[in-house]
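# Commentary on secondary and tertiary structure
Residue strings, one per chain:
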Amino acid sequence: MTGAQQTPVTKAAEARAHVHELLSAHRPHIDELSVIDALLVTSELVTNAQRHGDGISGFSARIVADRLEVTVADGNRRQPATAVGREKYAVGGYGWPMIQQLTACVVIIPTPGGKAITVTIPLAFDRASG
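Just so it is clear, the model here is predicted, and its values are computed rather than measured.

### Comments concerning the pairing of strand β2 (residues 67-74)
Extensive coverage of β2 is indicated by the burial of six of its eight residues. Judged from the eight bridges that link them, strand β1 (residues 56-64) and β2 form a sheet pairing that is antiparallel. Each bridged residue has a counterpart across the sheet, and for G58 the counterpart in β2 is A73. Where β1 hands over to β2, the hairpin turn is made up of two residues, of which A65 adopts a positive phi near 55°. Bridge analysis of β2 against strand β4 (residues 114-122) gives eight bridges, and the strand direction is antiparallel.

Below, the structure written as structure tokens:
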């Protein structure tokens, strides 16, 4: 297990930087596509918390075996929504299906002030780079 502490984050760029640093330090190296997927999911979760969740109230990321676990807490109990079934080209609702597609597990836990979303992202390793 690597990097399990809570990290102060107020912007998606800060969250991406933290996750990139965590993944870059891992040995064996994590392959580039896994890093890209992890950064995309992280960015979307944090952006959603800012845009729809009344702000970020917590962020953590850690590597557990062959998965990255990212948790983003926000100040709104409303569940994430998708664009499915809404007016064509409606604004918003496109990131949540992408998060679900790129992750192995999504857990949403109500908190006293909102909710915490934890996702696990599968990681592939570049064994040749050791």
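So that's the structure; there's more coming.
### Brief notes about helix α3 (residues 95-102)
Listing the buried residues of α3 in full gives G95, W96 and I99. Taken down its axis, α3 places every buried residue within 100° of arc, on the same side. For α3, the secondary structure elements touched by its buried residues are α2 (32-52), β3 (105-111) and β4.

### Observations regarding unusual backbone geometry
Of the consecutive residues R27 and P28, the connecting peptide bond is found in the cis state with omega at 0°. Although it is not a glycine, A65 sits at a positive phi angle of roughly 55°. By the secondary structure assignment, A65 is in the loop between β1 and β2.

### Side note on the sheet that holds β4
As summarised here, the arrangement of the four strands in space is β1-β2-β4-β3, forming an open sheet in which the pairing is antiparallel. Whereas interior strands pair on both sides, the edge strands pair on one side only; in this sheet they are β1 and β3. Adjacent strand axes in the sheet meet at a mean angle of 15°, parallel and antiparallel pairs treated alike. The strands touched by helix α1 (residues 12-25) are β1 and β2; relative to β1, the strand with the most contacts, the crossing angle is about 15°. Across the face of the sheet, α2 comes into contact with β1, β2 and β4 while running at roughly 10° to β2.

So, how was this worked out
Residues numbered from 1 in each chain as written. Predicted model: local features only at pLDDT ≥ 70, side-chain atom pairs only at ≥ 80, totals over all residues. Heavy atoms only, no water. Buried < 20%, exposed > 50% of the residue type's maximum accessible area, 1.4 Å probe, protein only. Helix = DSSP H or I, 4+ residues; strand = E, 2+ residues; numbered from the N terminus. Pairing = 2+ DSSP bridges. Arc of directions from axis to C-beta. Contact = heavy atoms within 4.5 Å. Axes fitted to C-alpha atoms, helices over the stretch in contact; angles between N-to-C directions.

Function cannot be read off these values alone, since they describe shape.
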